[in-house]
Amino acid sequence: MNWTMAAAALAFGGLFVAASAAIINTQHEAHITMVQGAAPAPIDVQGTSLEVVFPEWGLTIHSGPPGQIEPPCGDAVSELAGAVQVLRLTCADVMNPGGVLGDLTVPSNLPVKIIGGDTVTASGQFASLTLQSGAEVTLNDVSGDVLVETTGPVTGTIGAAKSVQVDTSGRVELGLKRPVPKVAISSSADGVLLTMPSPRPPELTYALDLDATGGRVVNSVPSTPGAAHSVAVTSTGGDIQIRTATTQ
């Protein structure tokens, strides 16, 4: 190869690299635009309860002040179905399955139901919170009545509630920071670990119904029939462990 041919080859290679970089950059920009969509703007509350629907991926939900909903992205559609305000999120990162849509802030004074997705992480105070997730639920110091229906593990802490209900085919690890009058947990895989405030007879006692057909029951809390606080735990796929802690 002579010097002229070598120079031509180098020039061609430089053009190829530049063109490839331009293509990659264009794809990256298109990816960012598709993920972010329009800039998120607050949505006025119109209903007396809120239902959030998203098809897949993960979502982090926080409670906020009354009056407005702060969606994770601009690709959100809000509509009324009677008194229920339905929020549909479509801002999924389709080039990165398993990603997280972002943070959703909802009014603390509304009953909220979350439907869909792979993972849901919730924190804050709610009038009530219903989570119907497909895989995994994490509760970070959530206050308000809680209902969880999922196929994966449920973990976290409850700050204050009158009722906590969990139905899952995964493991449950929950801590109750304050006494909850009604607790009902059902798991068909990997068992249940429940930590709750220590009994203080006569003002705080528990009526316990613990059924571990798939394992054993490890519990030192006495059961008081007819007590104001009832705890029913069923496990068909692992042990039931009841622990106590000082009320926070």
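What you see is a predicted model, and the numbers here were worked out from it, not measured in a lab. (Residues numbered from 1 in each chain as written. Predicted model: local features only at pLDDT ≥ 70, side-chain atom pairs only at ≥ 80, totals over all residues. Heavy atoms only, no water.)

Draft legend 1. Fine view of the overall build of the chain. Summing up its helical and strand segments, the chain has one helix and 19 strands in all. In the chain, the proportion of contacts linking residues at least 24 apart, taken out of those at least 6 apart, comes to 46%. Surface summary for the chain: the accessible area is close to 12300 Å², and the carbon and sulfur share equals 57%. (Helix = DSSP H or I, 4+ residues; strand = E, 2+ residues; numbered from the N terminus. Contact = heavy atoms within 4.5 Å. Areas by Shrake-Rupley, 256 points an atom, 1.4 Å probe, with all protein chains shown as cover.)

Draft legend 2. Here's a closer look at the side chain of Ser 163. Its place among the elements puts Ser 163 in strand β12 (residues 163-168). For Ser 163, a relative accessible area of 13% translates into the label buried. In contact with Ser 163, other than residues within four places in its own chain, are Gly 144, Asp 145, Val 146, Val 180 and Lys 182. (Buried < 20%, exposed > 50% of the residue type's maximum accessible area, 1.4 Å probe, protein only.)

Draft legend 3. Summary view of the confidence of the model for the chain. When pLDDT is averaged along the chain, the result is 84; 79% of the residues meet or exceed 70. Within the model, pLDDT remains below 50 along residues 3-12, and this stretch shows one contact once partners closer than five positions in the same chain are excluded. Counting interchain partners and residues more than four positions distant, the pLDDT-below-50 stretch residues 93-97 has nine contacts. (pLDDT = per-residue confidence, 0-100.)

Draft legend 4. Expanded view of the nonpolar core. Ile 61, Leu 87, Ile 114, Leu 139, Ile 185, Leu 194 and Met 196 are the most contacted members of the largest nonpolar core, which totals 50 residues. With residues near it in sequence (within four places) discarded, Ile 185 still touches Val 166, Val 172, Leu 174, Val 192, Leu 194, Ala 232, Val 233 and Thr 234. (Core = buried A, V, L, I, M, F, W, Y, C linked by side-chain atoms within 4.5 Å.)

Draft legend 5. Local environment of unusual backbone geometry. Between Pro 201 and Pro 202 the backbone carries a cis peptide bond, its omega angle lying at 5°. Assignment of secondary structure puts Pro 202 in the loop between β15 (192-197) and β16 (206-212). The residue Asp 141 is not glycine, and still its phi comes out positive at about 55°. One non-glycine residue, Asp 190, adopts positive backbone phi at about 75°. Examined against the element boundaries, Asp 190 turns out to sit in the loop between β14 (182-187) and β15. Its relative accessible area of 51% is what places Asp 190 among the exposed residues.

Draft legend 6. Examining the environment of Gln 125 more closely. Assignment of secondary structure puts Gln 125 in strand β9 (residues 119-132). Note on Gln 125: relative accessible area 53%, which makes it exposed. Between the C-alpha atom of Gln 125 and that of Ile 158, which follows or precedes it by 33 residues, the distance is 9.9 Å. The residues contacting Gln 125, other than those within four sequence positions of it, are Ser 63, Ser 108 and Ser 143.

Draft legend 7. Region of interest: the pairing of β15. Burial analysis of β15 places five of its six residues in the buried class, the great majority of the element. One ladder, built from four bridges, connects strand β13 (residues 172-176) with β15; its direction is parallel. Counted as the bridge partner of Gly 175 is Thr 195 from β15. By the bridge criterion, six bridges tie β15 to strand β19 (residues 240-245) in an arrangement that is parallel. Bridge pairing links Met 196 to Thr 244 in β19. (Pairing = 2+ DSSP bridges.)

Draft legend 8. Representation of the pairing of strand β5 (residues 76-81) within the structure. Bridge count between β5 and strand β6 (residues 84-89): six bridges; the pairing is antiparallel. Looking across to β6, one finds that Ala 81 is bridged to Val 84. Connecting β5 to the antiparallel partner β6 that follows it, the hairpin turn spans two residues, and Gly 82 within it adopts a positive phi of roughly 70°.

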